[in-house]
Amino acid sequence: MDIKVSSSAFPDGGMIPAKYTCDGADVSPPLKWDSVPDGTKSTALISDDPDAPMGTWVHWVLFNLPVDARELPENVPTDETLPNGAKQGTTDFGRTGYGGPCPPSGTHRYFFKIYALDTMLDLPAGARKSDLVKAMEGHIIGQGQLIGKYKRQ
């Protein structure tokens, strides 16, 4: 099942405002997604930049979001565990929570991918993207993405 992902901060394929990058406040953008498939037990989010010069750069790892969650507000705290029980993983910045776009040159694409899962994941806070991807294998029952772009001024 396809899940529609959107943000009030930028359109799909549009430019991400500097506020959500290393050139601004570096806070997470607001995200919303529509209904998830029946049987969903949790959702997960991976945000990454496939245009990074050293390979895909991971900007956000978030998992075990409650099944009834349909949005993330602007400026999600960078705590390992959020009040709703969701856990945040370690990014390629070496910390938990969102790390905004900061491309060394040119315009990069940033993918915000939502996954509907048929289980809660047995992963600790601080897990890396690779751990999350492995844990999600065979459990993804729906997904969607939003793409934003950013070029430093």
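Refer to the structure printed above.
This text gives an overview of the structure that appears in the document. These figures come from a predicted structure and were not determined experimentally.

1. Overview of the overall build of the protein chain
Here is step 1: What the protein chain contains, in helices and strands, is 1 helix and 8 strands.
Here is step 2: Moving toward the C terminus, one meets the helices and strands of the protein chain in the order β-β-β-β-β-β-β-α-β.
Here is step 3: For 153 residues, the compact-globule formula gives about 15 Å, and the C-alpha radius of gyration of the protein chain, at 14 Å, lands near that figure.
Here is step 4: Each principal axis of the C-alpha atoms in the protein chain carries an extent, and together these give about 45 × 30 × 25 Å.
Here is step 5: Taking the contacts inside the protein chain whose residues are at least 6 apart along the sequence as the reference set, 72% of them involve residues at least 24 apart.
Here is step 6: Total accessible area on the protein chain stands at roughly 7,200 Å², and carbon and sulfur atoms take up 50% of it.

2. Here's the deal with the state of the cysteines
Throughout this description, disulfide means a covalent bond between two cysteine sulfur atoms.
Here is step 1: Evaluation of the coordinates by the stated rule reveals 1 disulfide.
Here is step 2: Note that C22 is cross-linked by a disulfide to C102, the S-S spacing being 2.2 Å. One quick way to see it: the torsion about the S-S bond of C22 and C102 is about 80°, and its sign makes the bridge right-handed. Of the two residues, C22 sits in the loop between β1 (5-6) and β2 (31-33) while C102 sits in the loop between β6 (87-88) and β7 (107-117), which places them 80 residues apart along the sequence.

3. Comments concerning the sheet that holds β1
Here is step 1: Taken together, the 3 strands give an open sheet; going across it, the order is β1-β2-β5, and neighbouring strands pair in antiparallel fashion. A strand with exactly one partner marks an edge of an open sheet, and here the two such strands are β1 and β5 (71-72).
Here is step 2: Where β2 and β5 come together, 2 bridges link them in antiparallel fashion. Residue L31 lies in a different strand from β5, and its bridge partner there is L72.

4. Some points on the pairing of β7
Here is step 1: Burial within β7 is extensive, with 9 of its 11 residues counted as buried.
Here is step 2: Where strand β3 (residues 42-49) lies against β7, 7 bridges are found, and the strand directions are antiparallel. Residue pairing across strands places T43 opposite A116, the latter belonging to β7.
Here is step 3: In this sheet, strand β8 (residues 140-151) lies alongside β7 in antiparallel orientation, the contact comprising 11 bridges. What sits directly across from I114, in β8, is G144.

5. A closer look at the pairing of strand β4 (residues 57-66)
Here is step 1: Extensive coverage of β4 is indicated by the burial of 8 of its 10 residues.
Here is step 2: Inspection of the sheet shows β3 paired to β4 by 7 bridges, in the antiparallel sense. Counterpart to D48 in the pairing with β4 is V58.

What counts and how
Residues numbered from 1 in each chain as written. Predicted model: local features only at pLDDT ≥ 70, side-chain atom pairs only at ≥ 80, totals over all residues. Heavy atoms only, no water. Helix = DSSP H or I, 4+ residues; strand = E, 2+ residues; numbered from the N terminus. Rg over C-alpha atoms; globule rule 2.2 N^0.38 Å. Contact = heavy atoms within 4.5 Å. Areas by Shrake-Rupley, 256 points an atom, 1.4 Å probe, with all protein chains shown as cover. Disulfide = S-S within 2.5 Å. Pairing = 2+ DSSP bridges. Buried < 20%, exposed > 50% of the residue type's maximum accessible area, 1.4 Å probe, protein only.

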